[in-house]
Amino acid sequence: KIEENNRLDTADCKKVIKSIDNHIKWLNKQILAIENELKNFVKDHEEIKNIVDLYTSIPGVGLLTALRLLADLPEILSCSDKQIAGLAGLAPMNKDSGNSRGRRYIVAGRPKVRRALYMATISAIRFNEDLTVFYKRLRAKGKPAKVALIASARKLLILIMSIAKRQTPWVPNLH
C-alpha cells in the first residue's frame, strides 16, 4: 500500500492516477478483510484469545504483534531472558577479535519477530510510560536512538514474557 501511495505521488497521467487509486482502495479492502479474519479466529479460540488479551494489555502491543509472537516464538514460556532475546534477534553480539573490541550488533534470531517487536516498541515508547522513561533515560546517557530503541524492544519482550508466565495483565509501574 505504501508503494502504491508513493507511485501515486509521482504519477502525472489521469488514467494512471485513477488506476493506482483503485488499486489502493482494493488493497485497503483486502487489509480489512484479513484483519477481520484474524479477529474472528482469535474470538473463536478461547486459549489464543486469553494469550492475546494478556499481550495486548501492554500499551503498544497490538493484535498482529501478539499473533506474531504466538506463531513464531512459542518458546516464550520456557526460556530465560537472555535466551528469548537471542531467539528474537534482540541480543547484542560482540564483534571482538583478540584484544580488539568492536561494536555490538543484533544478528541472527527470527527476523519476523524482531520486526514485529520493533514496530510495537515504536508505539510503546509513545504510549507506555514505563518504556518512555526507559527510552528517554538511555537517550539522556548518550545512547544512539537505534540502540535505545532495540534496548526498549528487548525490555518489551521481557515484559511480555513475564506477563505470559504470570498469566496476569499488564499493570503500569506506579512510581
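Our structure is the block above this text.
Residues numbered from 1 in each chain as written. Predicted model: local features only at pLDDT ≥ 70, side-chain atom pairs only at ≥ 80, totals over all residues. Heavy atoms only, no water.

**Let's talk about the pattern of salt bridges**
Opposite charge on two side chains permits pairing when their charged atoms draw close. The criterion, for reference: A pair is scored as a salt bridge if a Lys or Arg side-chain nitrogen falls within 4 Å of a carboxyl oxygen belonging to Asp or Glu. Counting from the N terminus, the helices are DSSP H or I runs at least four residues long and the strands are E runs at least two residues long. Here the term buried applies to any residue with accessible area under 20% of the maximum for its type, exposed to any over 50%, and partly exposed to those in between, with areas from a 1.4 Å probe on protein chains only.
Tallied over the full model, the rule gives five salt bridges. Two residues, Glu4 and Arg7, come together in a salt bridge whose shortest N-O distance is 2.9 Å. Residue Glu4 and its partner Arg7 are both found in helix 1 (residues 2–10); the two are separated by three residues, about one turn of the helix. Classification of Glu4 by relative accessible area gives buried; the value is 10%. For Lys49, the salt bridge identified is with Asp53, shortest N-O distance 2.9 Å. You can see Lys49 and its partner Asp53 sitting in helix 3 (residues 46–56), four residues apart, about one turn around the helix.

**Focus on the packing of aromatic side chains**
To be explicit about the condition: Paired rings are identified among Phe, Tyr and Trp, the last through its six-membered ring, by centres lying within 6.5 Å, and are further divided according to the angle between planes into stacked (under 30 degrees), edge-to-face (over 60) and tilted (the rest). Distance and angle both matter: a charge sits over a ring if NZ of Lys or CZ of Arg is within 6 Å of the ring centre and within 35 degrees of the ring normal.
All chains considered together, the criterion is met by zero aromatic pairs. Taking NZ or CZ as reference, Lys155 lies 4.9 Å from the ring centre of Phe134, over its face.

**Some remarks on helix 8 (residues 145–166)**
The test is simple: By this rule the span expected of a helix is its residue count minus one, scaled by 1.5 Å.
Relative to the 32 Å expected for 22 residues at 1.5 Å per residue, helix 8 spans 31 Å between its end C-alpha atoms, a close match to the ideal helical length. Among the residues of helix 8, those classed as buried are Ala148, Leu149, Ile150, Ser152, Ala153, Leu156, Leu157, Ile158, Ile160, Met161, Ile163 and Ala164. Positioned one or two residues after helix 8, Gln167 has a phi angle of 60 degrees, which is positive.

**A closer look at the nonpolar core**
The cut-off we apply is this: Throughout, nonpolar core names a set of buried Ala, Val, Leu, Ile, Met, Phe, Trp, Tyr and Cys residues whose side chains join them through atoms within 4.5 Å. In what follows, residue pairs with any heavy atoms lying within 4.5 Å of each other are defined as contacts.
Residues Tyr55, Leu69, Ile84, Leu117, Leu157 and Ile160 are the most contacted members of the largest nonpolar core, which totals 30 residues. Counting only elements with at least two residues in this core, the list comes to helix 3, helix 4 (63–72), helix 5 (81–88), helix 6 (111–127) and helix 8. Ranked by the residues each element gives to this core, the list is headed by helix 8, at nine residues. Among all residues touching Ile84, those that are not within four sequence positions of it are Leu73, Glu75, Ile76, Cys79, Leu157, Ile158 and Met161. Grouped together as the second largest cluster of nonpolar side chains are six residues, Ile125, Phe134, Leu138 and Ala148 included.

**What about the packing of helix 5 against helix 8?**
Our working definition: What counts as an axis is a line fitted to C-alpha atoms, over the stretch in contact for a helix, and the angles between N-to-C directions run from 0 to 180 degrees. Each angle receives one of four descriptions, namely roughly parallel if under 35 degrees, roughly antiparallel if over 145, roughly perpendicular if within 65 to 115, and oblique otherwise. Two helices crossing with the near one rotated counterclockwise from the far one by less than a right angle form a left-handed crossing, whereas a clockwise rotation gives a right-handed crossing. Classes in brief: Ala, Val, Leu, Ile, Met, Phe, Trp, Tyr, Cys and Pro nonpolar; Asp, Glu, Lys and Arg charged; the others, Gly included, polar.
Two elements in contact, helix 5 and helix 8, have axes whose closest approach is 10 Å; the angle formed by their N-to-C orientations is 120 degrees. The angle between the axes of helix 5 and helix 8 places the two elements in the oblique class. In terms of crossing hand, the pair formed by helix 5 and helix 8 is right-handed. Every residue of helix 8 that contacts helix 5 at Asp81, Lys82, Ile84, Ala85 and Ala88 is listed here: Arg154, Leu157, Ile158 and Met161. By residue class, the composition of the contact of helix 5 with helix 8 is six nonpolar, no polar and three charged.

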